[in-house]
Amino acid sequence: MSTPLKIDFVSDVSCPWCIIGLRGLTEALDQLGGEVQAEIRFQPFELNPNMPAEGQNIVEHITEKYGSSAEESQANRARIRDMGAALGFAFRTDGQSRIYNTFDAHRLLHWAGLEGLQYNLKEALFKAYFTDGQDPSDHATLAIIAESVGLDVQRAAEILASDEYAAEVREQEQLWTSRGVTSVPTIVFNDQYAVSGGQPAEAFVGAIRQIISESKN
């Protein structure tokens, strides 16, 4: 009999490690098959909540935020690109890429969750930003991405033009911060077990099996 598993995946659409962690998690769930009945819910986290509309060059941003040199930034991107390729995801960011504000993308993701298409939109937003170099803060771009996964494009545009779901997203962001989430991805199982970082499938399989055994005791 499969064990119900509630998964809160706290992440940002401009976080490369979140893609690696999500691929590791979904691969683990595939491996576990009928052992668990998992429900993934994406929760909002903004890496750069104060980022202005025009965004910022990625190398400049990483240097300012983490003190990394341009060479270190390039080496890190190459490492992430290789890890992504091994997982079937194409990272195409380079030294000219930009970091953007992602709050409106999180508002759309909240709506997509109500429509049952949150996972699809999350994957599409990752691809749009990291593979296609699109701006996840641009309303027209976001509406097109929403339409591509089966969401109503006019409704998406309406949401983006208003402040709809802004309060809900901020509330969720504050909730997860208050629970101690300071970096992403943070994956929380059944509201009590957390795994952080872009972990491989085997790490998730081990963690989930341990959770299953503890829940049965």
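Rules and cut-offs
Residues numbered from 1 in each chain as written. Predicted model: local features only at pLDDT ≥ 70, side-chain atom pairs only at ≥ 80, totals over all residues. Heavy atoms only, no water. Helix = DSSP H or I, 4+ residues; strand = E, 2+ residues; numbered from the N terminus. Rg over C-alpha atoms; globule rule 2.2 N^0.38 Å. Buried < 20%, exposed > 50% of the residue type's maximum accessible area, 1.4 Å probe, protein only. Contact = heavy atoms within 4.5 Å. Areas by Shrake-Rupley, 256 points an atom, 1.4 Å probe, with all protein chains shown as cover. Disulfide = S-S within 2.5 Å. Core = buried A, V, L, I, M, F, W, Y, C linked by side-chain atoms within 4.5 Å. Phe/Tyr/Trp six-rings, centres within 6.5 Å; stacked < 30°, edge-to-face > 60°. Pairing = 2+ DSSP bridges. Axes fitted to C-alpha atoms, helices over the stretch in contact; angles between N-to-C directions. Right-handed = clockwise from strand over helix to strand, strands pointing away. Lys, Arg positive; Asp, Glu negative; His and termini not counted. Salt bridge = Lys/Arg side-chain N within 4 Å of Asp/Glu carboxyl O.

When its secondary structure is counted, the protein shows nine helices and six strands. For a compact globule of 217 residues, the expected C-alpha radius of gyration is about 17 Å, and the protein comes in at 17 Å, within 12% of that figure. Expressed as lengths along the three principal axes of its C-alpha atoms, the size of the protein is roughly 55 × 40 × 30 Å. In the protein, which comprises 217 residues, the share counted as buried stands at 49%. When contacts within the protein are restricted to residue pairs at least 6 apart in sequence, those whose partners lie at least 24 apart make up 76%. Accessible surface for the protein amounts to roughly 10600 Å². Of this, 48% is attributable to carbon and sulfur atoms.

Taken as a whole, this structure holds one disulfide when the rule is applied. There is a disulfide in this structure between C15 and C18, and the S-S distance comes to 2.5 Å. Residues C15 and C18 share a disulfide whose torsion about the S-S bond is about 90°; that sign makes it right-handed. The residues C15 and C18 share a single accessibility class, namely buried.

Inside soluble globular proteins, nonpolar side chains tend to come together where they are buried. Ranked by internal contacts, the top residues of the largest apolar core, which has 42 residues, are L25, F189 and I208. A per-element tally of this core places helix α1 (residues 16-32) first, with eight residues. Non-local contacts of I208, meaning those with residues more than four positions away in its chain, are made with L5, L25, L29, L32, V36 and F189. Counting residues in hydrophobic clusters, the runner-up holds 21 residues, among them A105, A112, A124 and L151.

For the structure shown, the criterion picks out six aromatic pairs. Between F91 and F130 the ring centres are 5.2 Å apart and the planes differ by 80°, which places this aromatic pair in the edge-to-face class. Remark: F130 occurs in helix α5 (residues 118-131) and F91 occurs in the loop between α3 (70-86) and β4 (98-99); sequence separation between them is 39 residues. We note that F91, like F130, is buried.

The sheet built from four strands is open, its strands ordered β2-β1-β5-β6 with mixed pairing. Two strands lie at the open edges of the sheet, namely β2 (36-44) and β6 (193-196), each paired on one side alone. Strand-to-strand twist of the sheet, defined as the mean angle between neighbouring strand axes without regard to direction, takes the value 20°. Across four bridges, the pairing between strand β5 (residues 186-189) and β6 is antiparallel. The residue of β6 that forms the bridge with V188 is A194. Across the face of the sheet, α1 comes into contact with β1 (3-11), β2 and β5 while running at roughly 170° to β1.

This part takes up the pairing of β1. Most of β1 is tucked away, with seven of its nine residues classed as buried. When β1 meets β2, the two strands line up parallel, connected through nine bridges. Paired with T3 across the strands is V36, a residue of β2. Chirality of the crossover, the property in question, places the unit of β1, α1 and β2 among those that are right-handed.

Checked against the element boundaries, E46 lands in the loop between β2 and β3 (56-57). No salt bridge is formed by the buried E46, whose closest oppositely charged neighbour, R170, lies at an N-O distance of 6.1 Å. The contact partners of E46, leaving out residues within four places of it in the chain, are D12, N101, T102, F103, H106 and E173.

Applying the stated rule across the entire model yields nine salt bridges. Ionic pairing is found between D191 and K6, a salt bridge with its closest N-O pair at 3.1 Å. Separated by 185 residues along the polypeptide, D191 in the loop between β5 and β6 and K6 in strand β1 bring together distant segments of the chain. Owing to a relative accessible area of 36%, K6 belongs among the partly exposed residues under this scheme. Linking D191 and R179 is a salt bridge whose minimum nitrogen-to-oxygen distance equals 4.0 Å. A residue pair is termed long-range when its members are at least 10 positions apart, and D191 in the loop between β5 and β6 and R179 in the loop between α8 (166-178) and β5 qualify at twelve residues.

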